[in-house]
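In case you want the letters, here they are:
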Amino acid sequence: PPAKITIFINYKPINGTMCFLKNHGNVLLLHRGRKYDIHSGFYLPPGGHIESGERGIDCIVREFRQETGLTLLDPRLRVLATFYNRDRILGEKENPEDWKVEVYEATRFTGKLKAEYKECPLSGVAEPRMDEFNMYPGDRRIWDLMQNEGVYEVRTKYSGKRLVGFKSTQVG
């Protein structure tokens, strides 16, 4: 029989960034709690959508400042992640768009800490206690991977709300 070929004519992943800010043994995370937020109840590193024509490095500095009041001084690209979301459930949303995310790590900043939304408080989580916080399994695996040196490409795959695939390759 002939091979089946699937063509995704309108495939448009969302491009984004996120950054794990490490400072004095703590990692800064947002606790998402806004009503109707697909990430409600989860701890996530600050970040967001890359705007048209914007570089990832510029996006993470902008988004981090918007969400935390802090200006990153040394964001370093650590992971290029593809969140493949076919069959995934995020909040009440089934089969959300895929995300292509540049994941950064930083240790230096200026500014005064302030949350963008009162429903998303910022938490300084002690690095040894990261596993106690409600993070997406793929984000947690990315965090664990970042404890090694280098730059990585990652692909996550979920079925429903369960992580069923995590592939990483060191590329730098």
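Attention here is on the structure that accompanies the text. (Residues numbered from 1 in each chain as written. Predicted model: local features only at pLDDT ≥ 70, side-chain atom pairs only at ≥ 80, totals over all residues. Heavy atoms only, no water.)

## Observations regarding the overall build of the chain
Defined as follows: Segments assigned H or I by DSSP are reported as helices when at least four residues long, segments assigned E as strands when at least two residues long, and all are numbered from the N terminus. Burial status follows relative accessibility: with a 1.4 Å probe on protein chains alone, a residue under 20% of its type maximum counts as buried, one over 50% as exposed, and anything between as partly exposed. Throughout, a residue-residue contact means that at least one pair of heavy atoms, one from each residue, lies within 4.5 Å. In these tables, accessible area is a Shrake-Rupley quantity obtained with a 1.4 Å probe, and a residue counts as shielded only by the protein chains included in the view.
Looking only at helices and strands, the chain has two helices and 13 strands in total. Looking at the chain as a whole, 44% of its 172 residues are labelled buried. Within the chain, counting contacts between residues at least 6 apart in sequence, those at least 24 apart form 66% of the total. Carbon and sulfur atoms form 51% of the exposed surface of the chain, whose accessible area is close to 10,000 Å².

## Notes on the nonpolar core
As a rule of thumb, nonpolar side chains are buried together in soluble globular proteins. Counted only if it meets this: Buried Ala, Val, Leu, Ile, Met, Phe, Trp, Tyr and Cys residues that are joined via side-chain atoms within 4.5 Å together make up what is termed a nonpolar core.
Core analysis: the largest hydrophobic core is formed by 27 residues, its most contacted members being Phe20, Leu29, Val79, Val103, Met130, Ile142 and Val154. Going through the elements one at a time, strand S1 (14-23), strand S2 (26-31), strand S3 (43-44), strand S6 (76-84), strand S9 (99-106), helix H2 (137-145), strand S12 (152-159) and strand S13 (162-170) are the ones with two or more residues in this core. Counting twelve residues, the second-largest nonpolar core is a separate cluster that includes Cys19, Leu21, Leu28 and Tyr104.

## A closer look at the pattern of salt bridges
Inclusion rule: Take a side-chain nitrogen of Lys or Arg and a carboxyl oxygen of Asp or Glu: if they are within 4 Å of each other, that pair is a salt bridge.
For the coordinates displayed, the defined rule picks out ten salt bridges. When the shortest N-O distance is used, the salt bridge between lysine 22 and glutamate 105 registers 3.3 Å. Within this pair, whereas lysine 22 is found in strand S1, its partner glutamate 105 is found in strand S9, the two being separated by 83 residues in sequence. Summarising the burial analysis for this pair, lysine 22 and glutamate 105 share the class buried. With a closest N to O distance of 3.1 Å, arginine 62 and glutamate 63 form a salt bridge. The exposure class of arginine 62 is buried, given its relative accessible area of 18%. On the basis of relative accessibility, which here comes to 10%, the residue glutamate 63 falls in the buried class. The network of salt bridges with shared partners includes Lys22, Arg76, Arg78, Glu105 and Glu149.

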